[in-house]
Amino acid sequence: MTLPASAYARIALDNIAREYPNKLDHVINTAVDVRSPRDLHPVFFGSYDWHSAVHMHWLLVRLLHRQPDLPEAGEITALLDRQFTSAHVATEIAYLHQPSRTTFERTYGWAWLLKLQAELIDIARTRPRAVAWRDALQPLADAFADRYLQFLPLAQFPIRAGTHANSAFGLLLALDYAETAGQVALRDRIIRSARNWYGDDQDYPAGYEPGGDDFLSGGLVEAALMQRVLDADELVGWWQRFHPTAEALQCWLKPVAVSDRSDPKMAHLDGLNLSRAWCWTLLRPALPVSLQAPVALAIERHLAASMPHAAGGDYVGTHWLASFAALALT
């Protein structure tokens, strides 16, 4: 299945500039804090919420990086020139340092911001125009990397839910940044936390998945993370202890039906199908031979079930799903 790059570019371009409707993650400390999304977040005010705005920016950078001749390339470049300025980023950083902002977007938004910066670092190696974008956003990436370094030593337990707070998903994306940016301390801390949280897991109860508003498989994203932090021999032993029973494994191999795509929570299940396809693609090279064919078929079926809904439909899905489709396909 190929990536419909122009269709996704159009969705992201429209979403990033769309301020309303908007769901703020915003503690009001005083009357001064009653402000519009664009005033609070001059970079990431669109796409319904802050984190979706971040990963829609990531989607545009990723499309531009992989398909520089995209018909929308000029429009994407002009938009990123407007968005990624030092003044705008300074306002985003100042927001983080206000009272009651310690847990702002922890850790889903943190991770996507770092994933975006990793993509900017990559594209800047071959596209001089992107150097300014990378340099403008770096202080915000530094701020979230510092938050991870402060938070992870204190976090005794992972969050295993299949929604935004999932710890393994956040670590996977943050690890991409740490390795791309050469952030050794962050990389080492992520590996240590992953091993501490998940190293002793066994007989994962995949039959309990999914929850009614999951867009991540807690078990599959954990396995994808452990594939990154364990060496090959360790991973074989870990998977043998961790993997679900044959019956429960079927829950991960069959796509989930979505009964109402106009419902913001139920629409998450399209994201679950896409993120499962992404995780299975990451895991497949290390899986036993007996799983290769079933997993290949599962990837195909999950993409077929939800890819069509990433490029069209209700805004509750289109404000974010295309980025998960791009993860799954690239």
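Located above this text is the structure these notes cover.
Here we summarise the structure given alongside this text. (Residues numbered from 1 in each chain as written. Predicted model: local features only at pLDDT ≥ 70, side-chain atom pairs only at ≥ 80, totals over all residues. Heavy atoms only, no water.)

This part is about helix 13 (residues 268-283). Taking 1.5 Å per residue, 16 residues should reach 22 Å; helix 13 reaches 22 Å between its end C-alpha atoms and fits that length. Where burial is concerned, most of helix 13 is hidden: 14 out of the 16 residues are buried. (Helix = DSSP H or I, 4+ residues; strand = E, 2+ residues; numbered from the N terminus. Expected span 1.5 Å × (residues − 1). Buried < 20%, exposed > 50% of the residue type's maximum accessible area, 1.4 Å probe, protein only.)

Tracing the backbone through its elements, the reader meets T85 in the loop between helix 4 (73-83) and helix 5 (86-96). It is 15 Å that separates the C-alpha atoms of T85 and L116, two residues lying 31 residues apart in sequence. Side-chain polar atoms of T85 contact the backbone nitrogen of H88, separated by 3.2 Å. (Polar contact = N/O pair within 3.5 Å; in protein donor to acceptor, adjacent residues only side chain to side chain.)

Applying the stated criterion across every chain, the model contains 25 aromatic pairs. With a centroid separation of 5.7 Å and an interplanar angle of 25 degrees, the aromatic rings of Y108 and F169 are classed as stacked. Taken together, the positions of Y108 in helix 6 (residues 108-124) and F169 in helix 8 (residues 167-181) put the pair 61 residues apart, joining distant regions of the chain. Here Y108 matches F169 in class, with each residue buried. Geometrically, the ring pair formed by W112 and F324 is tilted, given 6.1 Å between the ring centres and 55 degrees between the ring planes. Highlighted residues: W112 in helix 6 and F324 in helix 16 (residues 321-329), separated in sequence by 212 residues. In terms of burial, W112 and F324 fall into one category: buried. Following the ring pairs from residue to residue traces out a cluster consisting of F44, W50, Y95, F104, W110, F144, Y148 and F151. Geometry around Y315 places R18 over its ring, the cationic atom sitting 3.7 Å from the centre. Residue placement shows R38 over the ring face of F45; its charged tip is 4.0 Å from the ring centre. (Phe/Tyr/Trp six-rings, centres within 6.5 Å; stacked < 30°, edge-to-face > 60°. Lys NZ or Arg CZ within 6 Å of the ring centre and 35° of its normal.)

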